[in-house]
Amino acid sequence: MEKNQKIGCTVTSCKYNDKPYQQCQLEQIIVTPIQGCDTKQPDESMCSSYKHENSKK
Ligand code: SF4
């Protein structure tokens, strides 16, 4: 990833989300397709790096 590339994200329940800036704090994330995706809508892609803010790991 380019050094100055940023990941904008509004998933505020994720522990990696920098909420005031709506940015992901990770240097990189993994995005995977949902199963059987044929809706042609953006929600066919899911951030697999998501962790709930209460997650211990
Ligand atoms: S890990 Fe995924 S869901 Fe969590 S802040 Fe980063 S991009 Fe958003």
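Structure first, text after, so check above.
Residues numbered from 1 in each chain as written. Predicted model: local features only at pLDDT ≥ 70, side-chain atom pairs only at ≥ 80, totals over all residues.

A. Quick look at the overall build of the protein chain. In terms of regular secondary structure, the protein chain is built from zero helices and four strands. Each helix and strand of the protein chain, placed in order from N terminus to C terminus, yields the pattern β-β-β-β. Structurally, the protein chain occupies a C-alpha span of about 35 × 30 × 20 Å along its principal axes. Across the 57 residues in the protein chain, those meeting the buried criterion constitute 7%. In the protein chain, the proportion of contacts linking residues at least 24 apart, taken out of those at least 6 apart, comes to 30%. (Helix = DSSP H or I, 4+ residues; strand = E, 2+ residues; numbered from the N terminus. Buried ≥ 20, exposed ≤ 12 C-beta atoms within 10 Å, placed from the backbone. Contact = placed C-beta atoms within 7 Å.)

B. Quick peek at unusual backbone geometry. The residue glutamine 22 is not glycine, and still its phi comes out positive at about 50°. Tracing the backbone through its elements, the reader meets glutamine 22 in the loop between strand E1 (17-18) and strand E2 (23-24). Among the residues examined, glutamine 22 registers 13 C-beta atoms within 10 Å and is labelled partly exposed. One non-glycine residue with positive phi stands out, namely lysine 40, at about 60°. Within the secondary structure layout, lysine 40 lies in the loop between strand E3 (31-33) and strand E4 (45-47). Residue class for lysine 40 comes out exposed when judged on the 6 C-beta atoms lying within 10 Å of it.

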